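The residues making up each chain are set out below.
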Amino acid sequence: AQDSRIFHPPRELTAMPCGVNNTSIDLHAIPNLPGFTPQTIKSQHHRSQAWGFVSGQRMEFKEGLSHDKPKFVKAPRAKPSWRQGGTLPMSTTREVFSVLQPDELAEMPAWDAYDRHVLRFYGYFKEAVVETNLENYRIRRCIVYYYLEDDTMHITEPRQDNSGIPQGTLIRRHRFPAESGGYLTPRLLQVGQAVRIYGKVIQLTDCDQFTREYSKSIGMDQPMPEEIPRDLFDEARGESMVARPAAMERTYEKLFREVSLGGGHINENQQQFMENDRKVCRFFCVMDDMATTQYERRPFTLLFFLADNTVEIREQYPLNCGRDNFPIFFRRGKLPKDGGAEVRGPADTVGTADEYFNVNDFFVGQRLQLVGHGFFVYDCDQFTRAFFREHLGQELIDKIDVRLPDQQPDRPPTPPYTGFGTWDDSMGSVLSLVPKVPKKDFHKMMSQDGKILRFTARFVDAKPEDAQRRFVINYHLFDDSVSVHEPPQRNLGVVTGKFLEKGVHLNQMSGKLFEPRDLLPGNIVQVFNHVFEVLDMDEYTAKYMNDVKPPYPSVDLPSIVEKIRESLRQQFPLVRDIFRKFDRDHSGVITFEEMDEILKKFGFQLSREEVMALFRHFDTAHDGQVSYNEFCDTLLDEDYSTRMLNRKAMIETTQDQGFASRAVQRTLQRGETERVRRATRSVGEVLYQKTGLVAKLRSELHRMTAGRGGQVVTSEELRYAFLQTGHSFELEDIERAILFVVPEVDLNAIPYITLFEGFEASYHDLAAIR
């Protein structure tokens, strides 16, 4: 642009012949005459601002005072954006009207030409240490940055772990004053020289490649890098001063922070979770506990979750094991292979997949070291066997029997009988702290009443006056009591009669109570310090000891029926009450065992064959049980008859093995029916009265069948679920109740929701008392 204060002559005057002086005229030298005032053109019409505020202080805006003159540098001119015939053909306009560039360099502002151009120097400075006499100074490394766009600088110190001193930015970015005046420039920064900045002497030891190329472009080569010296503290630390890699370690906290911020491996292992969710491999194992005073084999269940490769160990507590009910032995999580239980925090590194157990590391018959304890895997469920067979190509072996034989505790020896009181009273003090009244065997008393075994005996090593004395030892079978009496003899000179009172006595030769086998002829027995030798026994005793069966029938069965009829009519006027007396379980029929028990209560000592003959006499249908109508027909007389002196049918004494087997089979069926009824009633009562139990059972069974899918369980799993909720049932009772509520169901695939609904619906069908 031309200055308006300088007059330039017209083009006609400039094209004058040679010899004419072609110079410009300064209009300021021309007087201000009318008609000769040149026209001036202004580009800015504002009033300039000379005063203002800088950082809250009033000052004058003046170049060099409040701001510096913008810095301009020469930089390579940018290539034109016109097509120059490279990949595209040359532009037609540029081909005709091409403008010649005067030079290849263009003057540009420094903030544009040197944008993001930074020189970087490495160095160190010494810091005095006065707190200890082990060292005088400490070397502190630093990095010096020089920004070419505005000649500013800043210094940082690399961070070191556990240094104990503030590190990072030492001096913020601004223009550093030079020691000789002015500001620091790139020519004052050179490797191997010291730079004083605010009283600190920084020795430059190296620079990066870009800095070396820039210094070479301005005609100043940078020397070779120098080594940073090591101080005493650095030498003492040794290998601990080795810098860690720039990347942070992969810790649990780092993974959590990354996912919280929306980064990290958000969908890591998602494919495995989607394919194997709710699929669990279950192994059964035992642990031999040697830490207790008594050897114990503790059962466990090992659950491997295929969705995330985690393991959970649960302990199965047997009944009356004496342990607190805390089934979680190892909470669900990654299980390390080293056998230890290490507690890891957020700052610990994440282990690799090879450090933890996988599903193919388990199999039946394996011994493992888990969480510091030894386990033996002896079985697994059906889903686990199918998974190993279909996905891993392995066939697991059958279940291994790990049950220990039942060990009976050693019973302390029974103290010797003192002779005071009866034997049962003394044993009551031995068996319990609070003695109880001895219970009598009424069945034995009824069946063995009146049966006495008699033996003859004499004194052993008797005196001459007692050599001819003979004794009779009586053994009463109904209460195992013994009595001794001496029969009278002529000219004996001794008062005969009762020698030993009837009672339960101790055989001092064996230290036990008297038994029939102790009184066989030839044996020596001792009672109250009197020693006897058994000489002989009577005929009845010989038959009893030799198990000789009495003749059949040994009694008059028709007379027994008449006695039963008269005695029952005297006690119960109604036949209905008599039938209820026989029918103990109120099932509507009388079985053989019920008939046998009632006859014994009425004092009839009959053999099993004789009772069977009477039972067949009452059972006119010969189906093995006596109904109410059959009982009435046998026990009562007919209201009217078509002939005079009509008698009842005679009792058949011949033995019928077919009828005996049917009677026994009916007795077993009635017993099984009663057990089914009792089991169904007890299970249904628990489910019906405790409303929240069904939800707990469903939750437990859902967790157990998570890997199989569906809503079916086995009878063992159902019993285990009841046991986990605090209700113990025998496996046979559980199966009886299941088959009663849901007939023809597979015990290995039980729909538990339908089963629970059936228990609630059939609860009122089974009365507690009939």
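The structure presented is a predicted model; accordingly, all values stated were derived computationally and were not measured. (Residues numbered from 1 in each chain as written. Predicted model: local features only at pLDDT ≥ 70, side-chain atom pairs only at ≥ 80, totals over all residues. Heavy atoms only, no water.)

1. Here's the deal with the overall build of the chain
Within the chain one finds 21 helices and 28 strands. Residue burial in the chain is summarised as follows: out of 770 residues, 33% are buried. Accessible surface computed for the chain: about 51,900 Å², of which carbon and sulfur atoms make up 52%. (Helix = DSSP H or I, 4+ residues; strand = E, 2+ residues; numbered from the N terminus. Buried < 20%, exposed > 50% of the residue type's maximum accessible area, 1.4 Å probe, protein only. Areas by Shrake-Rupley, 256 points an atom, 1.4 Å probe, with all protein chains shown as cover.)

2. Digging into the sheet that holds strand 7 (residues 118–128)
Sheet architecture is open: 6 strands sit in the order 10-9-8-7-12-11, paired in antiparallel fashion. Edge positions in the open sheet fall to strand 10 (168–174) and strand 11 (194–197), since each of these has one partner strand only. Within this sheet the neighbouring strands show an average axis-to-axis angle of 30°, counted without direction. In the sheet, strand 8 (residues 137–147) pairs with strand 9 (residues 152–157) via 5 bridges, with the strands oriented antiparallel. If you follow valine 144 over to strand 9, its bridge partner there is isoleucine 155. (Pairing = 2+ DSSP bridges. Axes fitted to C-alpha atoms, helices over the stretch in contact; angles between N-to-C directions.)

3. Observations concerning the packing of helix 14 (residues 592–601) against helix 15 (residues 608–618)
Each pair of packed helices can be summarised by the angle the axes make with each other and by the distance between the axes. Look at helix 14 against helix 15: their axes get within 10 Å of each other, and the N-to-C directions meet at 115°. The angle between helix 14 and helix 15 places the two elements in the roughly perpendicular class. Note on packing geometry: the crossing formed by helix 14 with helix 15 is right-handed. When helix 14 is examined against helix 15, the residues Phe592, Glu593, Met595, Asp596 and Leu599 are found in contact with a partner set consisting of Arg608, Val611, Met612, Leu614, Phe615 and Phe618. Counted by class, the contact of helix 14 with helix 15 contains 8 nonpolar, no polar and 3 charged residues. (Parallel < 35°, antiparallel > 145°, perpendicular 65-115°, else oblique. Left-handed = near helix turned anticlockwise from the far one by under 90°. Contact = heavy atoms within 4.5 Å. Nonpolar A, V, L, I, M, F, W, Y, C, P; charged D, E, K, R; others polar.)

4. Description of the side chain of aspartate 379
Counting through the fold element by element, aspartate 379 comes out in strand 18 (residues 373–380). Within the local environment of aspartate 379, its side chain forms a polar contact with the side chain of arginine 385, the two groups lying 2.9 Å apart. If near-sequence neighbours (up to four positions away) are discounted, aspartate 379 is found in contact with Phe283, Phe284, Val364, Arg385 and Lys399. (Polar contact = N/O pair within 3.5 Å; in protein donor to acceptor, adjacent residues only side chain to side chain.)

5. Points about a nonpolar patch on the surface
Residues Met290, Tyr295 and Leu404 make up a contiguous nonpolar surface patch of about 310 Å² in total accessible area. Structurally, tyrosine 295 can be placed in the loop between strand 13 (280–289) and strand 14 (296–305). Judged by its relative accessible area of 35%, tyrosine 295 is partly exposed. (Patch = residues over 30% accessible without salt bridge, like charges linked within 9 Å, V, L, I, M, F, W, Y side chains within 5 Å. Salt bridge = Lys/Arg side-chain N within 4 Å of Asp/Glu carboxyl O.)

6. Some details on the pattern of salt bridges
By the definition in use, this model includes 35 salt bridges. Two residues, glutamate 672 and arginine 736, come together in a salt bridge whose shortest N-O distance is 2.8 Å. One end of the pair, glutamate 672, is in helix 17 (residues 657–689); the other, arginine 736, is in helix 20 (residues 731–741), with 64 residues separating them in the sequence. Connected through salt bridges with shared partners, the residues Glu672, Arg675, Asp733 and Arg736 form a single ionic network.

7. Things to note about the sheet that holds strand 20 (residues 471–476)
The sheet built from 6 strands is open, its strands ordered 22-21-20-19-26-25 with antiparallel pairing. The open sheet has two edge strands, strand 22 (497–503) and strand 25 (524–527), and neither has a second partner. Geometrically, the sheet is characterised by an average inter-axis angle of 30° between neighbouring strands, direction not taken into account. Of the pairings in the sheet, the one linking strand 25 to strand 26 (residues 530–537) comprises 4 bridges and is antiparallel in character.

8. What to know about helix 4 (residues 209–217)
Of all the residues in helix 4, the buried ones are Thr211, Arg212, Tyr214 and Ser215. For helix 4, the angular spread of the buried residues around the axis is 165°, confining them to a single face. Within helix 4, the exposed residues directed more than 90 degrees away from the buried face are Gln209, Lys216 and Ser217. Turning to helix 4, the residues buried within the fold contact strand 7 and strand 12 (200–207). (Arc of directions from axis to C-beta.)

9. Overview of the side chain of asparagine 507
Mapping asparagine 507 onto the fold places it in strand 23 (residues 506–507). The residues contacting asparagine 507, other than those within four sequence positions of it, are Lys512, Phe514, Asp518, Val525 and Gln526.

10. A short note on the pairing of strand 8
Counting buried positions along strand 8 gives 8 out of 11 residues, so the element sits mostly inside the fold. Bridge count for strand 7 against strand 8 is 11 bridges, and the pairing is antiparallel. Residue pairing in the sheet places alanine 128 in a bridge with tyrosine 137 of strand 8.

11. Observations concerning the confidence of the model for the chain
With 82% of its residues at a pLDDT of at least 70, the chain reaches an overall mean of 80. Within the model, the stretch residues 1–8 combines pLDDT values under 50 with 13 contacts to residues more than four positions away or in other chains. (pLDDT = per-residue confidence, 0-100.)

12. Remarks on the environment of lysine 451
With respect to the helices, strands and loops of the structure, lysine 451 is situated in the loop between helix 10 (442–447) and strand 19 (452–459). In this structure, the C-alpha to C-alpha distance between lysine 451 and phenylalanine 478, residues 27 residues apart in sequence, is 7.2 Å.

13. Some thoughts on the packing of aromatic side chains
One pass over the full model with this rule turns up 19 aromatic pairs. Considering the side-chain rings of phenylalanine 300 and phenylalanine 375, the 5.2 Å spacing of their centres and the 80° angle between planes classify their relative orientation as edge-to-face. You can see phenylalanine 300 sitting in strand 14 and its partner phenylalanine 375 sitting in strand 18, a full 75 residues away along the chain. Ring centres of phenylalanine 471 and phenylalanine 532 lie 5.3 Å apart, and the angle between their planes is 80°; on these two criteria the pair is classed as edge-to-face. Of this pair, phenylalanine 471 sits in strand 20 while phenylalanine 532 sits in strand 26, and the two are 61 residues apart along the sequence. Sitting over the face of the ring of phenylalanine 233, arginine 138 holds its NZ or CZ atom 4.2 Å from the ring centroid. Between arginine 175 and the ring centre of tyrosine 183, over which it is positioned, the NZ or CZ distance is 4.1 Å. (Phe/Tyr/Trp six-rings, centres within 6.5 Å; stacked < 30°, edge-to-face > 60°. Lys NZ or Arg CZ within 6 Å of the ring centre and 35° of its normal.)

14. Side note on the environment of aspartate 234
Note on placement: aspartate 234 falls in helix 5 (residues 232–237). For the pair aspartate 234 and arginine 138, spaced 96 residues apart in sequence, the C-alpha separation works out to 8.4 Å.

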